[in-house]
Amino acid sequence: MKKKEGIIFTALLTCLVGAALIVSFSYNPKTRMVPVLVGCVSLILSLIVFLGEFFPQFRQLFEVDLFARDTIVEREKSVGRWDEKKGLFIAIFWVLLFAVLLFLVGFNIAVPVCVLVYVKFFGKQNWPVSLSVTALIWVFIYGLFQLIMDYTLFEGVLFGGIV
Amino acid sequence: MGLFEAMLISFFKAFEFQNLIFISLGTVIGLLFGCLPGLSSVVGLSLLLPLTFGMEPLSGMFLYAGVMGANPFGGSISAILINTPGTAVNVATCFDGYPMTQRGEAGRALGISATASGLGAMFGLVILIALIPVVRQTIMLFGPPEFLMFILFGLGSIVVASRGNMIKGLLGGGLGMLLASVGRSPITGSIRFSRDIQYFWDGIELIPFVIGMFALSEVINLTVTGKTKIATQKVETKISGVWEGVKDVFRHKACFIRSSAIGTLIGMIPGIGGATANFIAYTVAMQTSKHPEKFGTGIAEGVVAAESANNAKEGGSLLPTVGFGIPGSVEMAVLLGAFILHGLVPGPLLIKENLDIVWAIIWGLVFSNVLASTFGLLAAKILVRVSFIEVSIIIPVIAAISLTGAYANRGNIIDMLMAVMFGFFSYFMRRNGFPVITLVIGFVLGKLAEVSFFQSLMVSRGDYFIFFKRPLTVILLLLLLAVLIMPFVKRKGKHKETV
Amino acid sequence: MKGKKFHYVLASVLSLFIAMSAVAVSDLRAENFPEKDILWIIPLRAGGGYDTYTRRIAPVMAKYLPNKVNVVPKNVTGAGGVTGVSTVFKSKPDGYTIGLAAYPGLAVAQMTMDIGFDPGKLTPLAQIAVSEQALFVSGKSKINTLDDLKKIKGVRLGTTSRGASMYSFSLVASKTLGLDSELVTGYGGTSSIIPALMREDVDGSVLNLTQLKKYIESGDLKVIFTFTSKRHELTPDVPCVAELGVPEATVVQDYKMLFAPPGMPEDRTEILKKALRDAFRDKELQEWSKKSSMPLELKMDAEMKAEIDKMTKVYGKYKDLLK
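Bear in mind that the values here come from a model prediction, so they are computed numbers and not experimental data.

Residue and element names in this part refer to chain C. Strand β1 (residues 38-42) sits mainly inside the fold: five of its five residues count as buried. Here β1 shows two buried faces, one formed by Ile38, Trp40 and Ile42 and the other by Leu39 and Ile41. Two strands pair when backbone bridges link them, and β1 and strand β2 (residues 71-75) are joined in this way by five bridges, in the parallel orientation. Within β2, the position partnered with isoleucine 42 by the bridge is asparagine 75. Read as a crossover between parallel neighbours, the route from β1 over helix α2 (residues 49-63) to β2 is right-handed. Bridge count for β1 against strand β3 (residues 97-103) is three bridges, and the pairing is parallel.

In structure tokens form, the structure reads like this:
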């Protein structure tokens with residue numbers, strides 16, 4: 001799973017850099033100089049990384065450490081409440097939910113809803129704790145921004161917010 | 001007005017009841033807005049402007065200085081506790097501050113930050129006072145070629161910061177620079193990568209980027225790993241943790257002085273921008289340290305370097321601001337606006353005509369740093385508890401504040417979406433072994449590098465040798481090469497020893 | 001009994017209906033306008049000229065509005081100043097949102113890119129200030145007249161990059177004055193250009209005259225001519241472009257214009273305009289303007305439109321170069 005994910009990610013990265021490079025060629029010389037230069041170097045590097053995912057020996061060729069120690073960044077292991085796959089799913093789901101709600105219905109609704117959902121359903125805290133945390137953060141954000149700063153928090157696209 | 005006269009008048013004015021209130025209020029606002037991501041001191045200053053209408057300018061200055069002085073330390077609190085730089089100048093603090101929290105040493109990190117911030121600010125102010133008589137010469141020393149050397153230095157640190165994973169580190173740096181090139185080319189004005197999307201015309205906005213790369217990334221990470229607390233070990237939360245931090249700053253005197261000097265210098269150069277000071281100081285500290293491999297794992301030196309530099313920068317950036325009317329940073333630009341609102345005209349004559357105002361700012365910065373650092377040391381014990389709170393409560397709170405902050409930065413809801421996007425991007429980068437630091441360095445320095453390079457050529461009318469013709473440029477270039485080569489030399493030395 | 005109850009109910013419903021209608025109708029009428037705070041959008045960042053003018057004028061304008069409300073400044077930055085104006089354009093035309101726009105900046109943006117809306121449809125309120133520009137050189141420079149400038153081949157003019165007002169100024173100035181100029185771009189703004197001039201990294205620059213009063217006084221910078229139709233009081237010994245035979249160049253000015261969204265009701269527009277007129281007569285505001293070297297110049301209606309049209313015409317000529 002880790003390997004497959006690594007391949008997909010580096011493949012995407014390579015495509016991204018490649019696309020940027022191709023688009024850069026359409027600009028006039030001064031405009032494209034930096035993106036082309038950086039893009040070329042980055043493309044070569046990302047191809048190396050991509051190949052490194054397939055061929056471990058290839059990867060080892062390039063693992064240079066300035067400080068004469070072999071330290072490969074260890075991915076943090078899953079330690080607690082659930083396994084990594086579930087955690088990833090929850091993370092993606094909840095953050096996207098938060099973003100979409102904020103966009104559609106604004107801060108005053110999205111913040112309490114999303115905080116409550118996380119604390120109660122993912123955090124499995126009891127109702128008193130969940131509700132008080134939700135209330136506190138909602139009051140804090142509303143109080144600080146709307147009242148004190150006289151700032152209109154985004155009302156949400158559905159309620160007339162301007163993008 | 002004579003130098004000492006102005007100094008004393010402003011000093012005693014600071015103790016007037018109204019002004020004491022202002023300094024304190026400014027400090028509180030500076031701390032609060034500092035630790036809340038997305039709310040910058042610029043917003044705080046703009047908020048307070050109407051309060052000071054009709055008051056004598058001196059009182060206004062105490063208020064503003066209060067905000068500006070406390071802000072960097074406030075930002076370090078969230079950088080250390082929740083891996084979210086509260087302001088752009090606290091990014092480097094995350095690199096070692098947060099790992100210290102994860103080890104249960106948040107108190108120590110806060111102690112370091114409070115001490116380094118306060119002392120760093122004093123350092124910057126002392127240099128400021130010393131250089132006021134030669135402000136003109138100082139400003140004229142640095143032109144595009146010299147800027148480029150500084151920026152190359154910062155970019156060179158991408159190499160250093162890629163330890164353990166050279167290719168991925170360099171690629172990260174390259175990606176950062178590509179991201180920085182989105183939007184209008186600062187030289188030609190042509191829009192790159194986003195002609196049809198108006199949102200990107202001015203490029204990717206820094207604050208949402210940083211919030212996503214750090215705060216939201218960690219929110220996602222904490223959720224994925226299912227950790228129950230931020231700190232994985234429980235270390236004693238007694239005062240000794242904080243005092244350990246205070247002592248750390250004195251243990252690493254050389255690092256502190258070097259970093260403060262770098263911060264002051266970069267602050268003094270208008271146009272380089274405050275976000276770079278803490279990076280460059282951090283990477284110099286890394287390169288000159290006895291234990292460079294420990295940087296990023298939660299080493300005291302890392303926090304000392306970052307926090308002394310970003311406070312020293314305040315004093316440095318005052319120099320061109322009050323000495324010549326040219327803002328040394330974004331906050332200073334707002335300060336200049338405040339001057340005008342009070343009927344003062346910034347420029348080369350401000351010091352002559354309003355020396356007491358200048359001293360009011362200096363004293364305001366001194367007092368607010370003392371207040372902020374003292375608060376930090378006293379409150380550390382309580383603040384540290386955050387790292388031991390149940391994570392399922394902390395995560396949604398961090399996310400809510402971060403997303404609000406990303407929006408509040410300039411009232412643009414798309415900024416919030418950008419932060420989310422960068423949050424996922426940063427998380428997957430980390431998950432696949434890419435260091436975030438190099439990407440951030442590339443992003444922050446990318447545009448400046450391009451501008452300095454092209455401007456140098458325009459100024460020299462196309463003569464590439466301009467980089468070798470100006471004495472200061474050559475000196476900086478040699479220094480840059482020296483510091484970059486140092487780790488290799490040290491390594492060779494180590495090998496020779498072991499052989 | 002039943003009948004009486006019915007009458008009571010009918011009466012209450014009717015009165016409720018009448019009351020609600022009255023509220024609805026009064027919402028449309030200007031009599032109570034403004035009933036809440038008015039938002040004044042600044043399209044550029046805090047600390048700059050647009051920001052400073054706004055923060056000084058907004059509270060004074062609020063003072064002269066009919067009810068006790070605030071005029072709240074808000075920075076909405078992005079797309080080189082276009083996002084802020086776009087936000088005003090998209091806001092409800094109920095008088096509770098107004099905002100500044102930079103001219104000729106906005107006109108140039110419209111001509112050279114797809115900004116997504118037609119600024120011509122905005123409801124004009126007033127021009128609040130004109131920032132007169134002048135050609136600055138280093139105080140020590142050997143350049144003293146327009147002729148000196150013309151003699152230099154590839155004379156380097158320091159400016160911001162294309163898309164910002166200063167670039168348009170530098171380009172139009174060069175063309176109308178017949179300069180063989182190289183535009184050295186990439187400077188962030190006036191503050192970055194001042195040291196460049198002093199170091200003579202660049203030969204000259206088109207900058208805001210009144211903002212740099214102190215630099216002229218100190219001798220760090222000097223002005224060799226002004227882009228005005230008559231000599232400026234700050235620099236009485238320096239010729240203006242009209243004198244030098246190039247009156248077309250007087251469009252090189254930065255106009256700060258206040259607008260409201262399209263389709264504003266006439267009466268609310270008038271209330272806002274009246275408050276502005278009164279604000280500009282305010283003694284304290286006038287004093288501040290003199291003291292801090294921030295000139296105020298109020299123009300409305302036909303005069304304002306004339307300025308906008310003139311600018312659009314002249315900058316339109318150089319549209320292709322500005323693209």
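Next comes the rest of the account.
What follows covers the interface of chain B and chain A. At the junction of the two partners, chain B supplies 58 residues and chain A supplies 63 residues. At eleven residues, helix α18 (residues 391-408) of chain B tops the list of elements feeding residues into the side of chain B that touches chain A. Of the residues in the side of chain B that touches chain A, the class split is 32 nonpolar, 17 polar and nine charged.

This part is about the interface of chain B and chain C. Accessible area lost upon the coming together of the parts serves often as the stated size of an interface. Listed per partner, the contact involves 45 residues of chain B and 45 residues of chain C. Where the side of chain B that touches chain C is concerned, the elements lending two or more residues are α3 (41-48), α7 (135-141), α15 (330-341) and α20 (436-459) of chain B. In terms of residue count, the dominant contributor to the side of chain B that touches chain C is α15(B) (six residues). Its residues assigned to classes, the side of chain B that touches chain C shows 27 nonpolar, 14 polar and four charged.

A few words on the domain arrangement of chain A. The domains assigned to chain A are domain 1 (2-61) and domain 2 (84-159). Its C-alpha centre places domain 1 of chain A at a distance of 37 Å from the equivalent point of domain 2 of chain A.

For the rest of this paragraph, the subject is the pairing of strand β8 (residues 221-226) of chain C. Residue and element names in this part refer to chain C. In terms of burial, β8 is largely enclosed, as six of its six residues are buried. Relative to β8, strand β4 (residues 123-138) runs antiparallel, the two being bridged by five bridges. Each bridged residue has a counterpart across the sheet, and for alanine 134 the counterpart in β8 is threonine 226.

Residue and element names in this part refer to chain B. Two numbers describe how helix α12 (residues 253-268) lies on helix α14 (residues 300-324): the axes approach to 6 Å, and their chain directions differ by 35 degrees. Viewed along their axes, α12 and α14 form a crossing whose handedness is right-handed. For the contact of α12 with α14, the per-class residue count stands at twelve nonpolar, ten polar and three charged.

It is worth spelling out helix α4 (residues 84-105) of chain A at this point. The terminal C-alpha atoms of α4(A) lie 31 Å apart, and with 22 residues this matches the ideal 32 Å at 1.5 Å per residue to within 8%. The elements touched by buried residues of α4(A) are α5 (107-122) of chain A together with α10 (206-225), α18 and α19 (413-431) of chain B. Looking at the residues trailing α4(A), positive phi occurs at A:Gly106, about 85 degrees.

Rules used in this analysis
- Residues numbered from 1 in each chain as written.
- Chains lettered and ligands numbered in written order.
- Predicted model: local features only at pLDDT ≥ 70, side-chain atom pairs only at ≥ 80, totals over all residues.
- Buried ≥ 20, exposed ≤ 12 C-beta atoms within 10 Å, placed from the backbone.
- Helix = DSSP H or I, 4+ residues; strand = E, 2+ residues; numbered from the N terminus.
- Pairing = 2+ DSSP bridges.
- Right-handed = clockwise from strand over helix to strand, strands pointing away.
- Contact = placed C-beta atoms within 7 Å.
- Nonpolar A, V, L, I, M, F, W, Y, C, P; charged D, E, K, R; others polar.
- Domains from an automatic or database assignment.
- Axes fitted to C-alpha atoms, helices over the stretch in contact; angles between N-to-C directions.
- Left-handed = near helix turned anticlockwise from the far one by under 90°.
- Expected span 1.5 Å × (residues − 1).

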